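# Report on the structure
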Amino acid sequence: MIPQALRIIQEEHQALSAMLLSLSMLVRRAHQDKKPPPFDVLRAMLFYVDEFPERQHHPKETQLLFPKLRHRCPELAPVLDQLNDEHARGEASVRELQHRLLAYELLGEPRREAFDSAAEVFVDRYLRHMALEESAVLPAARTHLDAADWAEMLMRMYTLWAQKNDYSVELLDRQDNEVAGIQSASIAIRGPMAYGYLKGEAGIHRLVRISPFNAEGKRQTSFAAIDVSPEISDD
């Protein structure tokens, strides 16, 4: 069983991979047919990369997942450094490709080759980036992080989300785990439509793995639950 946090990362990778492969296919097909590509579709694809992976997916990994793994798996530091560096340069890479697309759209055929080449390099780098996370980072997370770690990461994720959206956040209760992470915590997120946005996050966080803390190497199951309740005024 894949823990909820890792499942979300993998699903986001799958969605992004499908979009990137579609972008590459559109560019190659237009080149083969000697026709301009659908510029509006390509603009929308690059807008998606800029708005979702660069502004949401990568920050979650850099701020929440990677610091935990760096503490638990020091040998993974070079990989995490590489991924963080690629995250830091990601937005600039998208901007460069958007500018090349605009130049192609405005100036025509003389700018096709520059855009086509840049698009292929961009897609290849992105796919290799995700492949490295899938082969090195996610397996290490399954092995070395337990449900208490994931629970703390989820709490931090919701806190960061609330702060980003100008909601107030109040820590009501927190019970730390003996080793790391949290056993439980309660936070109050207040703001317009807060409950409506967050109610879909309720559920069970389950992790089944061979625990590195079990001398016999047995499979163990850990659980973390998220409950979302509205705050009702007495008035």
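Now for a quick tour of the structure. Since we're looking at a predicted model, the values are computed, not measured.

Here we come to the overall build of the protein chain. Of the regular secondary structure elements, the protein chain holds seven helices and four strands. Listing each helix as α and each strand as β along the protein chain from the N terminus yields α-α-α-α-α-α-β-β-α-β-β. Long-range pairs, those at least 24 residues apart, make up 67% of the contacts in the protein chain with a sequence separation of at least 6. When the accessible area of the protein chain is evaluated, it comes to approximately 13500 Å², of which 53% is carbon and sulfur surface.

On to the pattern of salt bridges, then. The tally for this structure, following the rule as stated, stands at nine salt bridges. With a shortest N-O distance of 3.0 Å, Asp-85 and Arg-89 are connected by a salt bridge. Taken together, the residues Asp-85 and Arg-89, both in helix 4 (residues 77–107) and four residues apart, mark about one turn of the helix. Given the relative accessible area of 39%, Asp-85 is considered partly exposed. Residue Arg-89 is classed as partly exposed on the basis of its relative accessible area of 43%. Residues joined by salt bridges that share partners form a network here, namely Asp-50, Glu-91 and Arg-95.

Right, let's get into unusual backbone geometry. Positive phi is not limited to glycine here, since Asp-166 has a value of about 65°. In this fold, Asp-166 is placed in the loop between helix 6 (147–164) and strand 1 (168–176). Residue classification places Asp-166 among the exposed residues on the basis of a relative accessible area of 72%. A positive phi angle, near 65°, is found at Met-193, a position not held by glycine. Within the element layout of this structure, Met-193 appears in the loop between strand 2 (182–190) and helix 7 (194–198). Among the residues examined, Met-193 registers a relative accessible area of 60% and is labelled exposed.

This structure, assessed with the given rule, holds six aromatic pairs. Ring geometry for Trp-161 and Tyr-167: centres 5.5 Å apart, planes at 70°, overall edge-to-face. An aromatic cluster is defined as three or more aromatic residues linked by ring pairs; in this entry it consists of Phe-39, Tyr-104 and Phe-115.

Before going further, it helps to spend a moment on a nonpolar patch on the surface. A surface patch of nonpolar side chains, about 320 Å² in accessible area, is lined by Leu-102, Leu-106 and Leu-107. You can see Leu-106 is positioned in helix 4.

Counting 29 residues, the largest nonpolar core has Leu-65, Leu-69, Leu-76 and Val-137 as its most contacted members. For this core, the secondary-structure elements that each account for two or more residues are helix 1 (4–33), helix 3 (53–72), helix 4, helix 5 (112–144), helix 6 and helix 7. Looking at which element gives the most residues to this core, the answer is helix 6, with six residues. Among residues more than four places away in sequence, those in contact with Leu-69 are Pro-74, Leu-76, Leu-80, Val-137, Ala-140, Ala-141 and Leu-145.

This part takes up the side chain of His-57. Looking at the element boundaries, His-57 is found in helix 3. Looking at His-57, the relative accessible area reads 3%, which means it is buried. A distance of 2.3 Å separates a polar atom in the side chain of His-57 from a polar atom in the side chain of Glu-12. There is a polar contact of 3.3 Å between the side chain of His-57 and the side chain of His-13. Once residues lying within four places of it in the same chain are set aside, the contact partners of His-57 are Ile-9, Glu-12, His-13, Phe-52 and Glu-133.

What counts as what
Residues numbered from 1 in each chain as written. Predicted model: local features only at pLDDT ≥ 70, side-chain atom pairs only at ≥ 80, totals over all residues. Heavy atoms only, no water. Helix = DSSP H or I, 4+ residues; strand = E, 2+ residues; numbered from the N terminus. Contact = heavy atoms within 4.5 Å. Areas by Shrake-Rupley, 256 points an atom, 1.4 Å probe, with all protein chains shown as cover. Salt bridge = Lys/Arg side-chain N within 4 Å of Asp/Glu carboxyl O. Buried < 20%, exposed > 50% of the residue type's maximum accessible area, 1.4 Å probe, protein only. Phe/Tyr/Trp six-rings, centres within 6.5 Å; stacked < 30°, edge-to-face > 60°. Patch = residues over 30% accessible without salt bridge, like charges linked within 9 Å, V, L, I, M, F, W, Y side chains within 5 Å. Core = buried A, V, L, I, M, F, W, Y, C linked by side-chain atoms within 4.5 Å. Polar contact = N/O pair within 3.5 Å; in protein donor to acceptor, adjacent residues only side chain to side chain.

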